[in-house]
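Fold and contact review
Listed below are the residues making up each chain.
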Number of protein chains: 2
Amino acid sequence: MSIVTIERKVLEKNDALAATNRHVFARNGLLVLNLVSSPGAGKTTLIEATIAHLKDRVRIAVVEGDVQTDLDAQRVARYGVPVVQIVTNGGCHLDAGLVAEAVDQLDLDVVDLLVIENVGNLVCPANFDLGEAMKVVVLSTTEGVDKPLKYPAMFRRASVLIINKVDLLPYVDVDVQVIKQHARQINPALVVFETAATSRLGIPEWCDWLVSALSRGHA
Amino acid sequence: MSIVTIERKVLEKNDALAATNRHVFARNGLLVLNLVSSPGAGKTTLIEATIAHLKDRVRIAVVEGDVQTDLDAQRVARYGVPVVQIVTNGGCHLDAGLVAEAVDQLDLDVVDLLVIENVGNLVCPANFDLGEAMKVVVLSTTEGVDKPLKYPAMFRRASVLIINKVDLLPYVDVDVQVIKQHARQINPALVVFETAATSRLGIPEWCDWLVSALSRGHA
């Protein structure tokens, strides 16, 4: 029972730090995405494709979260955008305090869109608000149709679902309509995109939506 | 800092319960696998294929762990083996106490091989010993080559790596030799199998190995 109390304290502390982050982001007119998924669903490739598509129109910065290695930061840095790597050293999620430290390394005056790539994990990151405008959950078609039902907290708290690797649909026994149906059963308000980030399929539609969110001052 | 102390207490308590489980498993001559992976890597399909292949030779029981739903238990139950579903209700991993409760529902006298399917998560389950003989980590080829480096604790603590969905290799930019190289960099002792569980490719080799582990009294 004491564990529950401790967890609540951890979450309360995180929520207070997230509120501070949200205030900082709003003051700087930033749109902030918290990108979540299973390991290997394609978050980093989606970030690369998004930067490549929007680079001339939107000033983007990235915070990379990983249990180990700075492989993802290296990949993103090749696109010439500011990137900060958080290594959690075994930790299963980012929290608002870690993000605050990372954001301190960035010049927010020259950023419109901040993408935070969370640790690959469909469970724990659902509970930790980072101060983002929205959670974007990436699901690979190869993961099957049942993930929204099996990891409901994440899909309930997300604003956007990106169904990635649709180029592999001919080779897997997965119906993308059933994924959508399950996702909307958990969260009817989800905005859904279908992409194949490696071949840039669906990236223009996703990026147009991002640009309109930026122009609406969604942050 | 108090959090670290609490975590340690949780792990110490878990380790004590895991030792009890291990004693119970040994007394009953059971081989127990703790099956771990990202969501959607194919753990349940691998269990189905393993049961289909070994059913006439080995008495198998399954404990299913999920954040929500009993979809996996329903799938496995169709094969006519005893199965117990643990729903963690948001919890990101199984622990030894939950497994002890689940195993209480099984008649261990008529079981040779117990497969525990953990929650789909490459991070948290690495820290929680369930009393198993070995952790078996399943990695889908679609997850890319860098996962052993990015989630090293899991690969270090596993005895077996099953690289699944090798039938999708022609359609993804992934070299299975690089996956192996990264995995063995983290854990040189890993026993590696390549499978496509949906089409049963590689399942006979994996099952033969399991049978020899059973006959060696690996439990």
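A brief structural summary. Model, not experiment: these values are computed from the prediction. (Residues numbered from 1 in each chain as written. Chains lettered and ligands numbered in written order. Predicted model: local features only at pLDDT ≥ 70, side-chain atom pairs only at ≥ 80, totals over all residues. Heavy atoms only, no water.)

1. Topic: the sheet that holds strand S4 (residues 113–117) of chain A
All names here are of chain A. The following threshold applies: Pairing between two strands requires that DSSP report at least two bridges joining them. Here a helix means four or more residues in a row that DSSP labels H or I, a strand means two or more in a row labelled E, and each is numbered from the N terminus. The axes are straight lines fitted to the C-alpha atoms, using for helices just the contacting stretch, and the angles between their N-to-C directions are given from 0 to 180°. Every residue pair with non-hydrogen atoms within 4.5 Å of one another is taken to be in contact.
The strand order across the open sheet built from 7 strands is S3-S2-S4-S1-S5-S6-S7, with neighbouring strands paired in parallel fashion. If you trace the sheet from one side to the other, it starts and ends with strand S3 (83–87) and strand S7 (191–194), each paired once. Going across the sheet, the axis of each strand differs from the next one's by a mean of 20°, ignoring polarity. With 5 bridges connecting them, strand S2 (residues 60–66) and S4 associate as parallel partners. Among the inter-strand pairings, Val62 is bridged to a residue of S4, identified as Val115. The strands that helix H2 (residues 43–54) touches are strand S1 (31–37), S2, S4, strand S5 (134–140) and strand S6 (160–164); relative to S2, the one it contacts most, it runs at about 170°.

2. With respect to the relation of the copies chain B and chain A
Convention followed: The least-squares superposition of copies is restricted to C-alpha atoms, and to residues with a pLDDT of at least 70 in both copies.
When chain B is brought onto chain A, the operation consists of a screw motion whose angular component is 180° and whose axial shift is 0.0 Å, with 0.0 Å RMSD remaining. The superposition of one copy onto the other is thereby described by a two-fold rotation axis. A share of 100% of interface residues in chain B that are also interface residues in chain A marks the association as one of identical surfaces.

3. Quick word on the packing of aromatic side chains
Rules: Aromatic rings from Phe, Tyr and Trp, with only the six-membered ring used for Trp, were paired whenever their centres fell within 6.5 Å, and each pair was classed as stacked if the ring planes differed by under 30 degrees, edge-to-face if by over 60, and tilted otherwise. Burial status follows relative accessibility: with a 1.4 Å probe on protein chains alone, a residue under 20% of its type maximum counts as buried, one over 50% as exposed, and anything between as partly exposed.
Following the criterion strictly, the structure yields 7 aromatic pairs over all chains and no others. An angle of 70° between the planes, with centres 5.7 Å apart, marks the rings of Phe193 of chain B and Trp206 of chain B as edge-to-face. Here Phe193 of chain B, found in strand S7 (residues 191–194), pairs with Trp206 of chain B, found in helix H8 (residues 203–215); they are 13 residues apart in sequence, far enough to count as distant. The class for Trp206 of chain B is buried, based on a relative accessible area of 2%. Note on Trp206 of chain B and Trp209 of chain B: the rings are 6.2 Å apart at their centroids and 15° apart in plane angle, and the pair reads as stacked. Taken as a pair, Trp206 of chain B and Trp209 of chain B lie in helix H8 at a separation of 3 residues, close to a single helical turn. Across the pair, Trp209 of chain B and Trp206 of chain B agree in class, each one buried. Among the aromatic residues, those joined into a ring-pair cluster are Phe193, Trp206 and Trp209 of chain A.

4. Thoughts on the pairing of S6 of chain A
All names here are of chain A. To be explicit about the condition: Crossovers are marked right-handed if the path from the first strand over the helix to the second runs clockwise, as seen with the strands pointing away from the viewer.
With 5 of its 5 residues buried, S6 lies for the most part within the structure. Burial along S6 is two-sided: Val160, Ile162 and Asn164 and Leu161 and Ile163, pointing in opposite directions, are all buried. Bridge count between S5 and S6: 5 bridges; the pairing is parallel. In the strand pairing of S6, Val136 is matched with Val160. Relative to S7, S6 is paired through 4 bridges, and the arrangement is parallel. Following the sheet pairing, Ile163 is matched in S7 by Glu194. Viewed along the sheet, the connection from S6 through helix H7 (residues 176–186) into S7 turns out right-handed.

5. Things to note about the sheet that holds strand S2 (residues 60–66) of chain B
Residue and element names in this part refer to chain B. A sheet is described by the order of its strands in space; here 7 strands give the open sequence S3-S2-S4-S1-S5-S6-S7, paired in parallel fashion. Where the open sheet ends on each side, the last strands, each with one partner, are strand S3 (83–87) and S7. Averaged over neighbouring strand pairs, the angle between their axes works out to 20° when direction is ignored. Across the face of the sheet, helix H2 (residues 43–54) comes into contact with strand S1 (31–37), S2, strand S4 (113–117), strand S5 (134–140) and strand S6 (160–164) while running at roughly 170° to S2. Lying on the sheet, H8 is in contact with S1, S4, S5, S6 and S7; it crosses S1 at an angle near 140°.

6. A closer look at H7 of chain A
Residue and element names in this part refer to chain A. To keep it simple, the criterion reads: By arc we mean the arc of the directions from the helix axis to the C-beta atoms, nothing more. N or O atoms within 3.5 Å of each other form a polar contact, as long as, within protein, one can give a hydrogen and the other can take it, and as long as residues adjacent in sequence are counted only when both atoms are side-chain atoms.
For H7, the full list of buried residues reads Val176, Ile179, Lys180, His182, Ala183 and Ile186. Here the buried residues of H7 occupy an arc of 165° about the axis, which is enough to place them on one side. Projecting away from the buried face of H7 at angles above 90 degrees are the exposed residues Gln181 and Gln185. On the buried face of H7, the contacting elements are S5, helix H5 (147–150), helix H6 (152–157), S6 and S7. With a side-chain oxygen lying 2.8 Å from the backbone nitrogen of Gln177, the N-terminal cap of H7 falls on Asp175.

7. Here's the deal with the packing of H2 of chain B against H8 of chain B
Helices that pack against each other are described as a pair by the angle of their axes relative to one another and the distance between those axes. All names here are of chain B. Rule in force here: Any angle that falls under 35 degrees is termed roughly parallel, while one over 145 is termed roughly antiparallel, one within 65 to 115 roughly perpendicular, and all others oblique. Note on convention: the crossing is left-handed when the near helix lies turned anticlockwise from the far helix by less than a right angle, right-handed when the turn is clockwise. Gly is placed with the polar residues, together with every amino acid not listed as nonpolar (Ala, Val, Leu, Ile, Met, Phe, Trp, Tyr, Cys and Pro) or charged (Asp, Glu, Lys and Arg).
The N-to-C vectors of H2 and H8 enclose an angle of 70°; their axes lie 10 Å apart at closest approach. With respect to their mutual orientation, H2 and H8 come out roughly perpendicular. The interaxial crossing formed by H2 with H8 has right-handed handedness. Listed contacts from H8 to Leu46, Ala49, Thr50, His53 and Leu54 of H2 are Ile203, Pro204, Trp206, Cys207, Leu210 and Val211. Split into classes, the residues belonging to the contact of H2 with H8 amount to 9 nonpolar, 2 polar and no charged.

8. Things to note about the interface of chain B and chain A
Interfaces are often sized by the amount of accessible area the parts lose when they come together. Test applied: Put simply, buried area is how much 1.4 Å-probe accessible surface two parts lose in total, over both of them, once they are put together. Salt bridges are defined by distance alone: a side-chain nitrogen of Lys or Arg within 4 Å of a carboxyl oxygen of Asp or Glu.
Listed by partner, the interface residues are 33 residues for chain B and 33 residues for chain A. Between chain B and chain A, roughly 2600 Å² of surface is buried when both sides are summed, and carbon and sulfur atoms account for 66% of that area. By the criterion of area lost to chain A, the three top residues of chain B are Pro39, Lys150 and Tyr171 of chain B, representing 22% of everything that side buries. Our enumeration of links across chain B and chain A arrives at 4 salt bridges. A salt bridge links Asp72 of chain B to Lys150 of chain A, with the shortest nitrogen-to-oxygen separation between them at 2.7 Å. Of all the elements in the fold, those that place two or more residues in the side of chain B that touches chain A are helix H1 (2–27), helix H3 (71–77) and helix H5 (147–150) of chain B. The residue inventory of the side of chain B that touches chain A, partitioned by class, reads 17 nonpolar, 9 polar and 7 charged.

9. Looking at the pattern of salt bridges
For side chains of opposite charge, pairing can occur when their charged atoms come near one another. In total, this model carries 20 salt bridges over all chains according to the counting rule given. Notably, a salt bridge pairs Asp146 of chain B with Lys147 of chain B, separated by 2.5 Å at the nearest N-O pair. Judged by relative accessible area, Asp146 of chain B falls into the buried class, the value being 12%. The residue Lys150 of chain B makes a salt bridge to Asp146 of chain B at a minimum N-O spacing of 3.7 Å. Of the residues examined, Lys150 of chain B reaches a relative accessible area of 5% and is grouped as buried. A single network of salt bridges, built from pairs that share partners, joins Asp66 and Asp72 of chain A together with Asp146, Lys147 and Lys150 of chain B.

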